[in-house]
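Secondary and tertiary structure notes
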Amino acid sequence: MTFVGRVRTFIREIQRRRVFRVAVFYGIAGIAVVEAADLLFPRLGLPNWTVQLVLGLMIVGFPIALLLSWALELTPEGLALDSGPAEASATIGPSAVPPEAMARPPVAPAKPVGDSRRRLLVLPFVNISPDPENEYFSDGLTDEIIADLSHIRALGVISRTSAMRLKGTDQDVRTIGRELGVQYVLEGSVRKSGEDVRISAKLIDAGTDQHLWGETFGGTIADVFDIQARVASSIASTLRIQLSPAEARELRRGRIEDPVAHESYLRARHEMWSFSWDGLEKARRHVENALAIVGDNELLLATLGHIHIWFLQTGSEPDPSHVEHASTCAEKIFELAPDSRHGTRLRGLIEFHRGDFRASRPLLQACLEQSPDDVDALAALGYISCLAGREDEGITLFERLLAIDPLTPLNHGMPGFAAVLQGRFADAVEPYRRFLEMDDGGPFSMMNWVWVLGLNRRIEEADATVAKLVERHGQTPFASVALSLYRGWRGEREEALEAISSSVQEAALHSEMFARFLAQCHALAGDRDGALRWLEKAVDFGLANYPFVSRIDPLLASVRGDPRFSALMVRVEQEWRNLPR
């Protein structure tokens, strides 16, 4: 560290330990004491040297007061040695955020304009149970507390997906707070032994590292929901937030009273976040076991519907029957709770996957009115807005998404998608670069990186990425798209068409994104028939961005003179102009 850097660090540490504040308070108090002594001592008949003695004692005590302010801190338990910024007790785990990702400030964008809410992060609760297999329980508790706190509208709570990426991190609370732009951090631990549980939680001011509240709860598995509600209520009370009757009801809503069914639910939530076919299949079985015990339940049905959607979203099982299963879950939810935000979001995602953006849009908007920080609704609605030619609206939604879910790699690429659709190809590079770096070699981020490099005529820079993508994920639709685009940009038309695999064609039958990419691949390779066939499929799925398709997208240049393209654009323009605002 340079000399200037050491000085800056020293000044920051002085500020953290409140040395300046102690110096000012001591100076004011010292002057008052000396003035009082000078006024009162002569009247009491004391000699003049006693006033000088008081002055001398005040001067001698000044450096002592500064040293004590450096060494000690005032905590709720009393004075204690200041050991520096607090650190998490767990070690770095496989799901921790890469150090280089946390080192690139800022990870999160500025808080959206008009958002005056206090921002809070729930760090993953640490499993201190004798059995490490109880990890699912601590993760599930973290998930549920985040969900409970998200019901409090005065709080902006960092999403579960971002929070779990900090599992096992060695970053101190002050650094995490600065990087993610949060004022408060909740951390804790869970000990489970058989039916008995012991949960400790504490709320920390991320700016000062001061402990604002802490408590330990004991009980059985059957008491967990009550403990979760007490944690949320205690945090609201500590931060002087008055819960509305609706917010208080939400903290008790949809509970799974049976402890065995509740444990199955927690296991399902733990498995589904693996994003793998095996994990999703295990999660489905756990939820169905819970439903067999307690019958239809809003929370369980919403989770099952989400699992079916994720089979499609992750590409784990592109079976259209998952949409129908999810639809059945939504119908049952509304029979139980006609105003359910879970059911509203689920219906919005179902219509989104069916390609009916006109029906999906109001449902997702209604979900956000009930729950402004619903990350799934924000991401889907932002994507739909971009496909409808309303990129500015999409960018606003992506800013809100990044503010509450800043550690999900894909979210950082979404503003780049909006920039591409507006023809700002150079502005899309940095968002997709961050997506690639945070995703650590994921096939989706690599495909998009090749795409944005090609749009900026920097295809030579994509050589290594294409090779790595084909080597690691050669059988996936992502590798097929990237390889076809890469060869098309290099003028290798036959090879570009050969790169289009059956897997990507099957995926494109159920996906606007892959249908759009295949239209671009065929057009770049000079295959007008294939390009128009897949472009029409993308339009069927809801692609209604008339400016982008009709004139901005350079990859479709070879088909724009075709009468079939012109006829299709009449339909796209009509959809674009008639979409409800």
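Anything mentioned here points back to the structure above.
Procedures and definitions
Residues numbered from 1 in each chain as written. Predicted model: local features only at pLDDT ≥ 70, side-chain atom pairs only at ≥ 80, totals over all residues. Heavy atoms only, no water. Helix = DSSP H or I, 4+ residues; strand = E, 2+ residues; numbered from the N terminus. Contact = heavy atoms within 4.5 Å. Areas by Shrake-Rupley, 256 points an atom, 1.4 Å probe, with all protein chains shown as cover. Phe/Tyr/Trp six-rings, centres within 6.5 Å; stacked < 30°, edge-to-face > 60°. Buried < 20%, exposed > 50% of the residue type's maximum accessible area, 1.4 Å probe, protein only. Lys NZ or Arg CZ within 6 Å of the ring centre and 35° of its normal. Salt bridge = Lys/Arg side-chain N within 4 Å of Asp/Glu carboxyl O. Expected span 1.5 Å × (residues − 1). Polar contact = N/O pair within 3.5 Å; in protein donor to acceptor, adjacent residues only side chain to side chain. Core = buried A, V, L, I, M, F, W, Y, C linked by side-chain atoms within 4.5 Å. Axes fitted to C-alpha atoms, helices over the stretch in contact; angles between N-to-C directions. Parallel < 35°, antiparallel > 145°, perpendicular 65-115°, else oblique. Left-handed = near helix turned anticlockwise from the far one by under 90°. Nonpolar A, V, L, I, M, F, W, Y, C, P; charged D, E, K, R; others polar.

**Comments concerning the overall build of the protein chain**
Helix and strand counts for the protein chain come out as 28 helices and eight strands. If you take every contact in the protein chain between residues at least 6 apart in sequence, the share linking residues at least 24 apart comes to 63%. Just so you have it, the protein chain exposes about 26,700 Å², and 54% of that area is on carbon and sulfur atoms.

**A closer look at the packing of aromatic side chains**
Taken as a whole and judged by the stated rule, the model has 10 aromatic pairs. Aromatic side chains Tyr136 and Phe137 sit 6.3 Å apart centroid to centroid with 90 degrees between the ring planes, which places their arrangement in the edge-to-face category. Of the two residues examined, Tyr136 and Phe137, each falls in the buried class. By way of ring pairs, the aromatic residues Phe352, Phe357, Tyr383 and Phe417 are connected into one cluster. Sitting over the face of the ring of Phe137, Lys192 holds its NZ or CZ atom 5.9 Å from the ring centroid. Against the face of Tyr136 rests Arg267, its NZ or CZ located 4.0 Å from the ring centre.

**What to know about the pattern of salt bridges**
One pass over the structure, following the stated rule, counts 28 salt bridges. With a shortest N-O distance of 2.8 Å, Arg458 and Glu461 are connected by a salt bridge. Of the charged contacts, one joins Arg490 and Glu492 as a salt bridge, the two residues approaching to 3.3 Å between their closest N and O atoms. Among the charged side chains, a network of salt bridges with common partners joins Glu281, Arg284, Arg285 and Glu288.

**Comments concerning unusual backbone geometry**
Notably, Asp209 is not glycine yet its phi reads approximately 70 degrees, a positive angle. Looking at the element boundaries, Asp209 is found in the loop between β7 (196-205) and β8 (211-220). The residue Arg240 is not glycine, and still its phi comes out positive at about 60 degrees. Mapped onto the secondary structure, Arg240 falls in the loop between α8 (224-238) and α9 (245-250). Accessibility expressed as a relative area gives 78% for Arg240, which makes it exposed.

**Brief notes about helix α16 (residues 375-387)**
Helix length check: α16, at 13 residues, gives a terminal C-alpha distance of 18 Å against a target of 18 Å (1.5 Å per residue), a fit within 8%. Every buried residue of α16 is listed here: Val375, Ala377, Leu378, Ala380, Leu381, Gly382, Tyr383, Ile384, Ser385, Cys386 and Leu387. Contact partners of the buried residues in α16: α14 (341-354), α15 (357-370), α17 (391-404), α18 (409-421) and α25 (512-524). With a side-chain oxygen positioned 3.2 Å from the backbone nitrogen of Asp376, the residue opening α16 is Asp374. A positive backbone phi angle near 85 degrees is found at Gly389, which sits one or two residues after α16.

**A closer look at the nonpolar core**
In this structure, Tyr432, Trp451 and Leu535 are the most contacted members of the largest nonpolar core, which totals 81 residues. Setting aside anything within four residues of it in sequence, one finds Leu535 in contact with Ala519, Leu543, Val549, Leu556, Phe565, Leu568 and Met569. By size, the runner-up hydrophobic cluster in this structure holds 74 residues, among which are Val231, Leu291, Leu301 and Ile307.

**A word on the packing of α16 against α17**
Two numbers describe how α16 lies on α17: the axes approach to 8 Å, and their chain directions differ by 160 degrees. Relative to α17, the element α16 is oriented roughly antiparallel. Pair α16 / α17 crosses with left-handed handedness. Note on element contacts: α17 touches α16 through Glu391, Glu393, Gly394, Leu397, Phe398, Arg400, Leu401 and Ile404, opposite Val375, Leu378, Ala379, Leu381, Gly382, Tyr383, Ser385 and Cys386. In terms of residue class, the contact of α16 with α17 is made up of 10 nonpolar, three polar and three charged.

**Some points on the environment of Ser162**
Mapped onto the fold, Ser162 is located in helix α6 (residues 160-164). Expressed as a C-alpha distance, the spacing of Ser162 and Thr408, which sit 246 residues apart in the sequence, is 5.7 Å. Contacts of Ser162, omitting those with residues within four sequence positions, involve Asp405, Pro406, Leu407 and Thr408.

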